[in-house]
Amino acid sequence: MMARHEVPADFGFTPEHELLRDSARRFLEARCPASEVRRLGEDPLGHDPKLWRDMAELGWLGLVLPEEHGGAGLGHLHLALLLEEMGRVLLPSPFFGCLLAGIAIREGGSEAQRARWLPALASGETLATLAFCEPTASWEPDAVEARAEPADGGFVLRGRKTHVEGAASAALVVAPFREPDGGVALFAVELPAANARVEREIGVDATRRAARIDFEGVRVGAGARLAGDGLGALRATLLRGWAALAAEMVGGADAVLEMTRRYAIVRKQFDRPIGSFQAVKYPLVDTLVGVELARTHALAAAAALDRSPETAEPLARMAKALASEVYPAAVRRGVQLHGGFGFTIDCDVQLYFKRALASRGALGDGVHHRRHLAENLFGDA
């Protein structure tokens, strides 16, 4: 049963939040224009290692990790603002998977395990990812099928994880496994590893690479098992993932809205800008309302995670549900209002269209989260 919640009356913005957003926007606009997004979409690696190192120097990779382990120790409201700017430029980067891996270790690892892995994640020395999706396409904790079998003072891991972001480049993967007693534990597995096979997947969004990992009897030491409550840590990580992904999706939707608005100003029909016609103005206004509503939900979820995380689940689910509808709707309007040009590969809207499709299904779409909200908030009623 989800805890009762109230939307924060004050999200807690400070000049520090505004500084982060402004500096992130300037940096990302300079380093990640549409031409760079297209180039990296064709690149075998899929991201720029130099940009990754620069993001580490800015403190972004350890933004919400503890200061004692090399992180910045900031809150999820900071993270939401940063991810919105990343979504605005379609940043081709394994940042999201690495973020979730770091949160999982923070939530489920012992002090020694945090000290072992988190500094390398915050510095960018180690690229990590969270493998949460099963071959059934389910990512809910109750659906974990991969198994961890005790053996010789350690464990043997068996199973498959799919849609693992950045797995082909990752040196560390955190994944949930089912133990013999039926419980779920999180394991941090260093790659490459014997009997761990990584195969790239073909996805709709070339800016966010994924792969599947087959654990075919991978042997790990006892220290690979995160010492805390694995199920609780996984749930806490996924909760933060919903809020984070919703914020990123808001940035993408806002970018498409602005791109379409600019086109409607310069494109003329009958000697008038097409933006002067009601058939164009009204859909743009509807999109603006949707984007602002989704932004409010994403920021409310982030603020709740900072102030009272035990009450944040409904807000995070609402944020992801709404973003999963607003973002695809924005790109559909973008394609439509760009006319014949909007259907071509030369139009940048198609890049956002692909990201929207991939993000909508990741960690649950609107139907999935609304079903959970209805079951938990209203029960049999």
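Everything discussed here concerns the structure shown above.
Residues numbered from 1 in each chain as written. Predicted model: local features only at pLDDT ≥ 70, side-chain atom pairs only at ≥ 80, totals over all residues. Heavy atoms only, no water.

Draft legend 1. Quick peek at the overall build of the chain. Of regular secondary structure, the chain possesses 11 helices and nine strands. The globule rule puts the C-alpha radius of gyration for 381 residues at 21 Å, and the 21 Å found for the chain is close to it. Out of the 381 residues belonging to the chain, those deemed buried represent 54%. Relative to all contacts within the chain whose residues are 6 or more apart in sequence, the contacts with residues 24 or more apart total 76%. In the chain, the 44 positive side-chain charges and the 50 negative ones have mean positions that sit 5 Å from each other. (Helix = DSSP H or I, 4+ residues; strand = E, 2+ residues; numbered from the N terminus. Rg over C-alpha atoms; globule rule 2.2 N^0.38 Å. Buried < 20%, exposed > 50% of the residue type's maximum accessible area, 1.4 Å probe, protein only. Contact = heavy atoms within 4.5 Å. Lys, Arg positive; Asp, Glu negative; His and termini not counted. Charge placed at Lys NZ, Arg CZ, Asp CG, Glu CD.)

Draft legend 2. Quick peek at helix 9 (residues 313–337). End to end, helix 9 covers 36 Å across 25 residues, agreeing with the expected 36 Å (1.5 Å per residue, within 8%). In terms of burial, helix 9 is a largely internal element, 18 of the 25 residues being buried. Glycine 339 sits one or two residues past helix 9 and shows a positive phi near 65°. (Expected span 1.5 Å × (residues − 1).)

Draft legend 3. Up close: the pattern of salt bridges. Applying the stated rule across the entire model yields 34 salt bridges. Two residues, aspartate 142 and arginine 235, come together in a salt bridge whose shortest N-O distance is 3.6 Å. Of this pair, aspartate 142 sits in the loop between strand 1 (128–130) and strand 2 (147–151) while arginine 235 sits in helix 7 (residues 230–266), and the two are 93 residues apart along the sequence. Residues arginine 370 and glutamate 325 are paired through a salt bridge, measuring 2.4 Å at the closest nitrogen-oxygen approach. Pair noted here: arginine 370 is in helix 11 (residues 366–378) and glutamate 325 is in helix 9, with a separation of 45 residues, a long-range link. (Salt bridge = Lys/Arg side-chain N within 4 Å of Asp/Glu carboxyl O.)

Draft legend 4. Quick peek at unusual backbone geometry. A cis amide bond links leucine 191 with the next residue in sequence, proline 192, at an omega value of -5°. Position of proline 192 among the secondary structure elements: in the loop between strand 5 (184–190) and strand 6 (196–200). At histidine 163, a residue that is not glycine, the phi angle is positive and equals roughly 55°. By the element assignment, histidine 163 lies in strand 3 (residues 154–165). Take histidine 163: its relative accessible area is 47%, and that puts it in the partly exposed class. Positive phi is not limited to glycine here, since aspartate 271 has a value of about 65°. Here aspartate 271 lies in the loop between strand 8 (268–269) and strand 9 (272–273). Judged by its relative accessible area of 77%, aspartate 271 is exposed.

Draft legend 5. Region of the structure containing the pairing of strand 5. Counting buried residues in strand 5 gives six out of seven residues, a clear majority hidden from the surface. Pairing between strand 4 (residues 172–178) and strand 5: seven bridges, direction antiparallel. Following the sheet pairing, arginine 178 is matched in strand 5 by valine 184. Count of turn residues in the strand 4/strand 5 antiparallel hairpin: five residues, of which glycine 182 carries a positive phi of about 95°. (Pairing = 2+ DSSP bridges.)

Draft legend 6. How the structure looks around the packing of helix 8 (residues 278–307) against helix 9. Where helix 8 contacts helix 9, the axes come no closer than 9 Å and their chain directions differ by 155°. One finds that helix 8 runs roughly antiparallel with respect to helix 9. For the element pair helix 8 and helix 9, the recorded crossing hand is left-handed. Of the residues in the contact of helix 8 with helix 9, the class split is 19 nonpolar, three polar and one charged. (Axes fitted to C-alpha atoms, helices over the stretch in contact; angles between N-to-C directions. Parallel < 35°, antiparallel > 145°, perpendicular 65-115°, else oblique. Left-handed = near helix turned anticlockwise from the far one by under 90°. Nonpolar A, V, L, I, M, F, W, Y, C, P; charged D, E, K, R; others polar.)

Draft legend 7. Looking closely at the nonpolar core. Counting residues in each nonpolar core, the largest one holds 94 residues, and the members touching the most others are Met55, Trp60, Met86, Phe95, Leu99 and Val174. At 16 residues, the largest contribution of residues to this core is made by helix 7. (Core = buried A, V, L, I, M, F, W, Y, C linked by side-chain atoms within 4.5 Å.)

Draft legend 8. Structural view of the environment of isoleucine 103. Here isoleucine 103 lies in helix 5 (residues 95–108). Residue isoleucine 103 is classed as buried on the basis of its relative accessible area of 1%. Sequence separation of isoleucine 103 and arginine 116 is 13 residues, and the distance between their C-alpha atoms is 14 Å. Beyond its immediate chain neighbours, meaning those up to four positions away, isoleucine 103 contacts Val64, Leu65, His76, Thr237 and Arg240.

Draft legend 9. Spotlight on the environment of histidine 163. When the C-alpha positions of histidine 163 and arginine 200 are compared, they lie 9.1 Å apart, and in sequence the two are 37 residues distant. Other than its neighbours up to four places away in sequence, histidine 163 contacts Cys133, Glu201, Ala210 and Ala211. Side-chain polar atoms of histidine 163 contact the side chain of glutamate 201, separated by 3.0 Å. (Polar contact = N/O pair within 3.5 Å; in protein donor to acceptor, adjacent residues only side chain to side chain.)

Draft legend 10. Focus on the environment of glutamine 269. Its place among the elements puts glutamine 269 in strand 8. Residues contacting glutamine 269, with those up to four places away along its chain left out, are Ile274 and Phe277.

Draft legend 11. The arrangement of the side chain of histidine 17 in detail. Topologically, histidine 17 is positioned in helix 1 (residues 15–31). Relative accessible area serves as the criterion here: at 7%, histidine 17 is assigned to the buried category. Contact partners of histidine 17, with chain neighbours within four places excluded, come to Gly12, Leu77, His78 and Leu81.

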